[in-house]
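# Inside the fold
One letter stands for each residue in the lines below.
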Amino acid sequence: MNKYLSNGRLWRLCQKELRESLRDRRTLFTLVLMPILVYPLLSMALQRLVIGSVTKTKADPVFVIGAESEDTANQLQGMLAEARLAMDRGFVSPITITRTAEPKSSEAAKSTPDPDGSNQPGLDQLPKFDVFISDQETLSKALRDGRLDLVITRMNIEQVQLERGTVPVYEILAEFRQNDSRSEAALSVFRLATQMINDFQAEMIRKGVDRKLPVAMTFNATGIAEREDLSASIAGVIPLVLILMTITGAVYPAIDLTAGERERGTMEALIATPAPRFALLFSKYVAVVTVAVLTALANLFATWMTLSFGGLGQALLGKNGFSVWVFVQILPLLVIFASFFSAILLALCSFARSFKEAQAYLIPVMLLSLGPGLVTLMPNVQFTSLLGIVPLVNILLLSRDIMTGQSSMVPAFAAVFSTIIYACATLVVAARLFGAEAATSGSQESWWELFSRPKKSQMLPDAGELAIYLAVLFPMFFVASNLGGMIELKGSWALFFNAAILFLLFLLMPLTYSWYRRIDIPTTFRLGQGTGVGEPLWIRVGRWVGYVIGVVLLSAGLWMVAFEAYLLLESWSLAAQLTEADKQKLKADFLAVPFLVVFLTGALAPAIAEEFFFRGFVLSAFRSKLSAYRSVLFSSLLFGLFHVIAGSVLSIEKLLPTIILGLAIGYVAIQTGSLWPGILLHTLHNGLIFGMSRFTEQDLAKWFGDDTKHIPISWLCGGGLAIAFGIALVFVSSQRKRFHEDVI
Amino acid sequence: MISAENLTKQFNVRGVPLVAVNNLSFRVSNGEVYGLLGPNGAGKTTTLRMIMGLLEPDSGYVEIGGVRSTHKSTDIRGQLGLISTNDGVYPWLSVREMLMYFADLYAVDQSLARERLEELANLLDLGGFIDQRCSTLSTGQKQRVTLARGLMHDPPVMLLDEPTRGLDVVGSQAIFRFIDLLKLRGKVVLLSTHRLDEAERVCDRFGLLHRGSLQFEGTLCELQQATGKKHLVDMFIAFINASENSHPVAIPSNEQSTEA
């Protein structure tokens, strides 16, 4: 580590920045006072909105029902008239109807918590129902748009055989809008009416009065998945407010610790010190993130209190309201968001020469971030995978979905992972901007210099280059892996398409980027032969014999380890969700593709492309700052995380096997100083896995015995030995060579 | 020792090239106070930044104790102390916290930094307010804190960039005493200023800088002999007039003057 920077020193620098920020009254104002002021006001405003939506329902008791035919409309009106008659006569039902609704959807759970109707509000008189007649499609659309409150999809009379004879039974099917207070009110009134008629008929029969209407009615209602009503939109407001408040918390310290340095006249003294610029900025970053997180925490707590104790939580977020579990999920999200936005603020403020200038930069950014914020408030905005990589929007939508209990894995992963990558890249940019202007005597070159082609060449990319490159690569990779599914390529073409994407993103782009940034390509990508400089041919051949045998041994054992590691998390995989028939079909499709195609696109192409990127660019970038051991570890983690994303699904089960493979190839790459043995290992590994997966269970049973799911212990022991010998052989074969690859 | 050899730096200001420093060479020995003099915009600050390794010269180089500033810029910065006109303090930190912070930035061992702090508190009379927040200090007190900050890592080379600008007589006096102290401790002192009268009082040798070029270099005696003028102000006006009317005045050899 740099002699001007130890961990203890970095910690003291962070302490100083934090102390400075937290002693400032203006920081404390946004931290403490704002939540105290804002939330009661917000709570009052929300209360009004919610109450408004409820009173609207009550003040307008004419419901509109849709029906498909004149006939149904007449029957409906007749039925409602009957219920009204019963009500006018002061009939109180003595019977509890249990046959009413066995809902197809989640109706019982969501809209009618009391299926027996015992807690239904009593009605003095039945509200009026208008009937609108049209075809099914128009009715459904009108229901979705909120112009209809209920749609009767079927109304049949069936003869049901009972003990005392045949009884005609009305079977009514209806649709309603889920979570829409008006539609649900119409539903419950209609249900009450059917119940009333049933009870009334039963009472009449008991009294011996003959009636012309059928005695019984069954009523089933299906909720259509339209949750974006007023309450859901308000639920979207909460993350927006939380995020805006978090930003507000970070703004002041960000300006004060960067542009403020310049205004106070401490910047010059600061950059004249030998302390690394990144450390200076990083300590400021830690302080800004801490204040932002504290603000987030204060605001989250205030929101929680407001929603939990004001009774608003249930009205806005459903049955569970703002639970502790929601709190626990939202907080890390806010921390990630604070890390990202603090980096943006620091980058902008580092560029500013004064408080005023910094504010002038920040106002447009704040307004710009309101834009996507408002998008999330619009109804029907689904949190799709692709929105998962859009900064700010992703966190807002994820928070909204967590609050309403509907978050899904892929976009959530994309949101978290991409936001972290963006934060790192922005921080690197901020560190390069920080103090640059003060050092260059006001020449306006600093922004351009960040992205222009450097004048000097460099041996390896540094960690900063990697962060910036990842921030560009990840969204592209994510979009590309979703694209494969969208254009619906079949069989071999899909495989070739994937291979082409891999070549583009992991091979061509890093090479182009390295060329542009004047990064030494042979060194960075380890294009050397893995032999010593000036060694006689026989030694070089000897080394390579060792590498090849070592790598073959490694691959012979590694596929087994990878397979068993895969089984550990197999229950998470997509395959585990498939039916047996689907699995058979997938396997048949897979077997229909020639093995050569599978080998080229699934083994050779990924091996070349991914090795160039992960053991070339990534490993070298880490190596410029970290020890070999840590570099291999981090590059393998990144290698694993990139494999988790596969189109529109998350392949969590791939994480462990790829990390293990990454560690093994990382070792080979560092040890030999060459990319080529790793490419061979990767190709063999993938080839073996694909080769094995072409066998049927009957084939496998011949070798594996009864348990075809797991690899037999004897095989695993053999594999372990092969790995050990492989590692040893690579180690021995790469000894005592002196050449520049040793440094990487 | 500072040794600047043929330093040249050009900036692009809105596409127009501007030569800030042009072929500048000078040397400053240990225990010597060298005055880099010139009007505003003469290239003094750019020269200091190149010495600190914050700016890379287009051509030429600076050596501090025999090490080129661009080669090991981090180590070089550790050898330098900088006190400039605009130096501020951290309003929310106490004097002690601020000085210890800078000691940390220069990687001074914590216990050593505490000793230095005590020593500087006595020397610059900070004792009365060392635990006060900087925002509560008077201008004079802030100035003394800044001077202490420059010495927390006990640098062999001290760069003073217009240190008296905006100070009253008492404040300027404190700076002069400080420069004497630095000299006494055998430090290399480079004073950049446009206050020629002050420079006359404290500097051993002078370099007169105009439009990025060194117009003349030498001791006060040498300058008086060469120009026939008694005071630096008069000499400088003569130089400027001469350089604006004709070609630059011939510069005496650097070698000669540094040996003096």
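This report concerns the structure included in the present document. From a predicted model like this one, the values you see are computed outputs, not experimental measurements. Within every chain, residues take consecutive numbers counted from 1 along the sequence as written. Written order decides the labels, with chains lettered from A and ligands numbered from 1. Side-chain atom pairs in this predicted model are given and counted only at pLDDT of 80 or more, local residue features only at pLDDT of at least 70, and totals for whole chains, interfaces and linings cover all residues. Each side-chain value is derived from all of the structure's non-hydrogen atoms; neither hydrogens nor water enter the calculation.

### Structural notes on the sheet that holds strand β4 (residues 59-64) of chain B
Residue and element names in this part refer to chain B. Criterion used throughout: strands pair if DSSP finds at least two bridges between them. Helical segments are the DSSP runs of H or I of at least four residues, strand segments are the runs of E of at least two, and each set is numbered from the N terminus. Taken together, the 4 strands give an open sheet; going across it, the order is β2-β1-β4-β5, and neighbouring strands pair in antiparallel fashion. A strand with exactly one partner marks an edge of an open sheet, and here the two such strands are β2 (16-28) and β5 (67-68). As paired elements, strand β1 (residues 2-13) and β2 share 9 bridges and run antiparallel to each other. From the neighbouring strand, Phe11 faces β2, where its bridge partner is Leu18.

### Some points on the sheet that holds strand β6 (residues 80-84) of chain B
Residues and elements named next belong to chain B. Read across the open sheet, the 6 strands follow the order β6-β7-β8-β3-β9-β10; overall the sheet is mixed. In this open sheet, the two edge strands, each paired with only one partner strand, are β6 and β10 (213-218). Between one strand axis and the next, the sheet turns through 15° on average, direction left out of account. As paired strands, β6 and strand β7 (residues 157-161) are joined by 5 bridges and run parallel to one another. Within the sheet, the bridge partner assigned to Ser84 lies in β7 and is Asp161. Seen against the sheet, helix α5 (residues 139-151) touches β6 and β7 and runs at an angle of roughly 165° to β6. Between the N-to-C directions of two axes lies an angle of 0 to 180 degrees, each axis being a line fitted to C-alpha atoms and, for a helix, fitted only over the stretch in contact. Contacts were defined at the residue level, with two residues in contact if any of their heavy atoms lie within 4.5 Å.

### With respect to the side chain of B:Thr8
With respect to the helices, strands and loops of the structure, B:Thr8 is situated in strand β1. Setting aside its immediate chain neighbours within four residues, B:Thr8 contacts B:Val21, B:Asn22, B:Asn23, B:Met50, B:Pro57, B:Asp58 and B:Ser59.

### Observations regarding the interface of chain A and chain B
On the chain B side, the residues contacting the 34 residues of chain A number 34 residues. Throughout, buried area stands for the accessible area (probe radius 1.4 Å) lost by two parts on being put together, summed over both. Between chain A and chain B, a total of about 3,200 Å² is buried, with carbon and sulfur atoms accounting for 56% of that surface. The rule for a salt bridge is simple: a side-chain nitrogen of Lys or Arg has to be within 4 Å of a carboxyl oxygen of Asp or Glu. In this assembly, chain A and chain B are joined by 6 salt bridges. For the salt bridge of A:Arg9 with B:Asp104, the shortest nitrogen-to-oxygen distance reads 2.9 Å.

### Side note on the packing of helix α26 (residues 655-672) of chain A against helix α27 (residues 676-692) of chain A
Residue and element names in this part refer to chain A. At a minimum axis separation of 8 Å, α26 and α27 run at an interaxial angle of 155°. On the basis of their axis angle, the class for α26 and α27 is roughly antiparallel. Classified by chirality, the crossing of α27 by α26 is right-handed. Each of Leu661, Ile665, Val668 and Thr672 in α26 lies in contact with α27, whose residues at this interface are Pro677, Gly678, Leu681, His682, His685 and Asn686. Split by residue class, the contact of α26 with α27 holds 5 nonpolar, 5 polar and no charged. Any angle that is under 35 degrees is reported as roughly parallel, and any over 145 degrees as roughly antiparallel; angles of 65 to 115 degrees are reported as roughly perpendicular and all others as oblique. Crossings are assigned a handedness: left-handed for a near helix turned anticlockwise from the far helix by less than a right angle, right-handed for a clockwise turn. Polarity classes work like this: nonpolar for Ala, Val, Leu, Ile, Met, Phe, Trp, Tyr, Cys and Pro, charged for Asp, Glu, Lys and Arg, and polar for all others, with Gly in that last group.

### Remarks on the pairing of strand β3 (residues 33-37) of chain B
All names here are of chain B. Counting buried residues in β3 gives 5 out of 5 residues, a clear majority hidden from the surface. Of the two faces of β3, the one lined by Val33, Gly35 and Leu37 and the one lined by Tyr34 and Leu36 are each fully buried. Summarising the sheet, β3 and strand β8 (residues 188-193) pair through 5 bridges and their orientation is parallel. Bridge pairing in β8 places Val33 opposite Val189. As defined by bridge partners, β3 adjoins strand β9 (residues 205-210) across 4 bridges and the pair is classed as parallel. Within the sheet, the bridge partner assigned to Leu37 lies in β9 and is Leu208. In this scheme, a residue with accessible area under 20% of its type's maximum is buried, one over 50% is exposed, and one in between is partly exposed, where area comes from a 1.4 Å probe on protein chains only.

### Some remarks on the pattern of salt bridges
Residue and element names in this part refer to chain B. Summed over all chains, the structure comprises 32 salt bridges over all chains. Arg68 is the partner of Glu63 in a salt bridge, and the nearest nitrogen-oxygen pair spans 3.9 Å. Classification of Arg68 by relative accessible area gives partly exposed; the value is 30%.

Coordinates in, geometry out; function isn't part of it.
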